[in-house]
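# Report on the structure
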Amino acid sequence: AVVSTQSTGKKVMEEMSFAQASKDVVQQVVRQLDVDQVERKKKKFNVCVNKVPESTKKSPRDREKEDYQYCIDSLEIDARDIVSCHRAGKKDEKISNFCRPLIVK
């Protein structure tokens, strides 16, 4: 009877350990889903504009200003409505006509 009680206790402890591990995994998945949902909401009103010529300016700040001005002039977006604008991806100097997408918030 002593052996079966120890065996049963060990099984209970293993099941509790498994249950805790499962609970931790579920909590981690839920946290990641929450983060993903927040990211989706933040991107919901972004506009992605393709084939906008890249600025030839050297300074990233100057290039960003040109993109911002493009949004105002060519896309006719009110400056007060633009939260930010930036290029997606890394600029490839090797390709002369390469235009990264312009993301406007």
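Residues numbered from 1 in each chain as written. Predicted model: local features only at pLDDT ≥ 70, side-chain atom pairs only at ≥ 80, totals over all residues. Heavy atoms only, no water.

## Examining the overall build of the chain
Looking only at helices and strands, one finds two helices and three strands in the chain. Its helices and strands taken in sequence order, the chain reads α-β-α-β-β from the N to the C terminus. Computed over C-alpha atoms, the radius of gyration of the chain comes to 27 Å, more than 25% over the 13 Å expected from 2.2 N^0.38 for 105 residues, which places it beyond the range of a compact globule. When the 105 residues of the chain are sorted by exposure, 13% land in the buried category. For the chain, the proportion of contacts with a sequence separation of at least 24, taken over those separated by at least 6, is 45%. Counting every atom, the chain has about 8900 Å² of accessible surface; 56% of that belongs to carbon and sulfur. Once the 22 positive and 17 negative side-chain charges of the chain are each reduced to a mean point, those two points are 3 Å apart. (Helix = DSSP H or I, 4+ residues; strand = E, 2+ residues; numbered from the N terminus. Rg over C-alpha atoms; globule rule 2.2 N^0.38 Å. Buried < 20%, exposed > 50% of the residue type's maximum accessible area, 1.4 Å probe, protein only. Contact = heavy atoms within 4.5 Å. Areas by Shrake-Rupley, 256 points an atom, 1.4 Å probe, with all protein chains shown as cover. Lys, Arg positive; Asp, Glu negative; His and termini not counted. Charge placed at Lys NZ, Arg CZ, Asp CG, Glu CD.)

## Remarks on the nonpolar core
Val49, Val52, Cys71, Ile82, Cys85, Leu102 and Val104 together form the largest nonpolar core, which totals seven residues. Apart from residues lying up to four places away in sequence, Val104 is in contact with Phe45, Asn46, Val47, Cys71, Ile77, Ile82, Ser84 and Cys85. (Core = buried A, V, L, I, M, F, W, Y, C linked by side-chain atoms within 4.5 Å.)

## Looking at a nonpolar patch on the surface
Where nonpolar side chains cluster on the molecular surface, the patch consists of Val12, Met13 and Met16 and spans about 300 Å² of accessible area. By the secondary structure assignment, Val12 is in helix 1 (residues 2-43). In this structure Val12 comes out as partly exposed when scored by relative accessible area, which is 41%. (Patch = residues over 30% accessible without salt bridge, like charges linked within 9 Å, V, L, I, M, F, W, Y side chains within 5 Å. Salt bridge = Lys/Arg side-chain N within 4 Å of Asp/Glu carboxyl O.)

## Focus: unusual backbone geometry
Outside of glycine, negative phi angles account for most residues, and trans bonds account for most peptide bonds. A positive phi angle, near 60 degrees, is found at Lys51, a position not held by glycine. Of note, Lys51 is situated in the loop between strand 1 (47-49) and helix 2 (60-73). Its relative accessible area of 75% is what places Lys51 among the exposed residues. Of note in this structure, Glu76 is not a glycine but carries a positive phi near 55 degrees. Its place among the elements puts Glu76 in the loop between helix 2 and strand 2 (85-87).

## Remarks on the side chain of Asp67
Relative to the assigned elements, Asp67 resides in helix 2. Not counting chain neighbours up to four residues away, the residues in contact with Asp67 comprise Cys85, Arg87 and Leu102.

## What to know about the pattern of salt bridges
Taken as a whole and assessed by the stated rule, the structure comprises five salt bridges. Measuring nitrogen to oxygen at the nearest pair gives 2.7 Å for the salt bridge that ties Asp78 to Arg80. For Asp78, a relative accessible area of 32% puts it in the partly exposed group. Several salt bridges share partner residues, and in doing so they unite Glu54, Asp67, Arg87 and Arg100 into one network.

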